[in-house]
Amino acid sequence: CPYSSLSRSLSLSQGQKRRILVYPKGNNVDYLSIYLDAGNLPVGHSRFTKFKLVLINQVDDKMTKIKETHHMFNAKHSDWGFTSFIPLAEFYDRSKGFIVNDSCIIEAKISGNPKLEKKVYIPVSVKAPSKPIEHDDNPLSLDISAVSISELVDFRGLGKIEKAFVQLLDEVYVKCPSIIECQEKRSRRFREWALTALGRVLHFLKTKKVRDMNEEACNHLQILWEELQTFRFDLTWLEPHVKSALGMKNYLERSAEVKSMKEKVAALEKEMKKLKALVASVEVDIEMARRELVKVEEGFEERDLDGELGYGL
């Protein structure tokens, strides 16, 4: 394929739009690169999405390639996926069954809401449109293989991880080396995944604020935490902080309720203050009126207005 990238759009309910971005010649790697693009999200908006990208084997279903990930899409990072999905040599080998009649089929299975999964199947021809879609050469991904080499650095000889995680992992290593050293006997690939999983959780806790912990953020952290637990770290030191962060959603709800009640009490107290001022003003008026009454009553004899006037006989 002469084009560097191609895309296909897919529509979901409520007008949501997605695109599958494909690099038939690889995104600066010798692998087929595939991403999911969330479209143009407004600045300040985010959308947590779990999804699978599937490369159909049109000869043998058992050879179909499936990769699953998740991401908090936003205006800055609107695409997510896999830079190293499958080696180009394997992809272009016609005997493998991924390309038939100059076409491949890619599926996207999207779950934007953890409680409601939507599956959308999109056939994507290897023949790209005349104008390729521009795409960031260094997309971020939850999959270590989707991070460009320029963003990865060696961490204490244990493997290459994302640069943003190095300082965080160094802090853990300095305070308790055994937490990191427990991975030394495992394969390099396993270590990289393990350290990346730990780095994601630490980075989340380091960069998120209490106010950020809405339902989407809590779901995101829960997934990162469950993933980290599979790597057999001693996480007793970290678990209380994660649980505390996950509890921030309830805290925010209670905080909003408390704030609302405080505002209500403040408004009533303000109204009461106004009413008290009004009462005080009326009391002054009453006292002044009483004094005036005393003055006008001097020498005044009250008579029956219905009585006869009479004439003295």
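All of the points below concern the structure found in this document. Just so we're clear, the structure is a prediction, and the values are computed from it rather than from any experiment.

### Quick word on the overall build of the protein chain
Point 1. Of regular secondary structure, the protein chain possesses seven helices and 10 strands.
Point 2. Counting the 313 residues in the protein chain, one finds 37% classified as buried.
Point 3. Long-range contacts, defined as pairs at least 24 residues apart, comprise 60% of the intrachain contacts of the protein chain with a sequence gap of at least 6.

### Considering unusual backbone geometry
Point 1. We note that asparagine 28 has phi near 65°; this positive angle belongs to a residue other than glycine.
Point 2. When you line up the elements, asparagine 28 lands in the loop between strand 2 (17–23) and strand 3 (31–37).
Point 3. Using a relative accessible area of 64% as the deciding quantity, one classes asparagine 28 as exposed.
Point 4. Despite not being glycine, arginine 156 has its phi angle at roughly 50°, a positive value.
Point 5. Overall, arginine 156 belongs to the partly exposed group, its relative accessible area being 45%.

### Brief notes about the pairing of strand 4 (residues 46–55)
Point 1. Among the 10 residues of strand 4, seven are classified as buried, and the element is accordingly described as predominantly covered.
Point 2. Examined bridge by bridge, strand 4 and strand 5 (residues 65–74) share 10 bridges and lie antiparallel to one another. When the sheet's bridge partners are listed, lysine 50 is paired in strand 5 with histidine 70.

### Regarding the packing of aromatic side chains
Point 1. In the structure shown here, the tally under the stated rule is five aromatic pairs.
Point 2. With 6.1 Å between their ring centres and 80° between their planes, tyrosine 23 and tyrosine 35 make a pair best called edge-to-face. On the criterion of sequence distance, the pair formed by tyrosine 23 in strand 2 and tyrosine 35 in strand 3 is long-range, its members being 12 residues apart. An identical accessibility class is assigned to tyrosine 23 and tyrosine 35; each is buried.
Point 3. Arranged with centres 6.2 Å apart and planes meeting at 35°, the rings of phenylalanine 51 and phenylalanine 73 form a pair that is tilted. In this pair, phenylalanine 51 sits in strand 4 while phenylalanine 73 sits in strand 5, placing the two residues 22 residues apart along the sequence. The burial state of phenylalanine 51 is the same as that of phenylalanine 73; both residues are buried.
Point 4. Here the basic side chain of lysine 67 rests over the ring of phenylalanine 85, its NZ or CZ set 5.6 Å away from the ring centre.

### Considerations on the pattern of salt bridges
Point 1. Applying the stated criterion to the full structure yields nine salt bridges.
Point 2. A salt bridge links glutamate 90 to lysine 65; the nearest nitrogen and oxygen atoms lie 3.7 Å apart. Within this pair, whereas glutamate 90 is found in helix 1 (residues 88–92), its partner lysine 65 is found in strand 5, the two being separated by 25 residues in sequence.
Point 3. Residue glutamate 90 is classed as partly exposed on the basis of its relative accessible area of 21%.
Point 4. The salt bridge involving aspartate 170 is made with arginine 156; its shortest N-O contact spans 2.9 Å. Note that aspartate 170 is positioned in helix 2 (residues 163–175) and arginine 156 in the loop between strand 9 (152–154) and strand 10 (160–162), a separation of 14 residues in sequence.
Point 5. You can call aspartate 170 partly exposed: its relative accessible area is 24%.
Point 6. Each of Asp154, Arg188 and Glu192 takes part in a single network of salt bridges with overlapping partners.

Calculation criteria
- Residues numbered from 1 in each chain as written.
- Predicted model: local features only at pLDDT ≥ 70, side-chain atom pairs only at ≥ 80, totals over all residues.
- Heavy atoms only, no water.
- Helix = DSSP H or I, 4+ residues; strand = E, 2+ residues; numbered from the N terminus.
- Buried < 20%, exposed > 50% of the residue type's maximum accessible area, 1.4 Å probe, protein only.
- Contact = heavy atoms within 4.5 Å.
- Pairing = 2+ DSSP bridges.
- Phe/Tyr/Trp six-rings, centres within 6.5 Å; stacked < 30°, edge-to-face > 60°.
- Lys NZ or Arg CZ within 6 Å of the ring centre and 35° of its normal.
- Salt bridge = Lys/Arg side-chain N within 4 Å of Asp/Glu carboxyl O.

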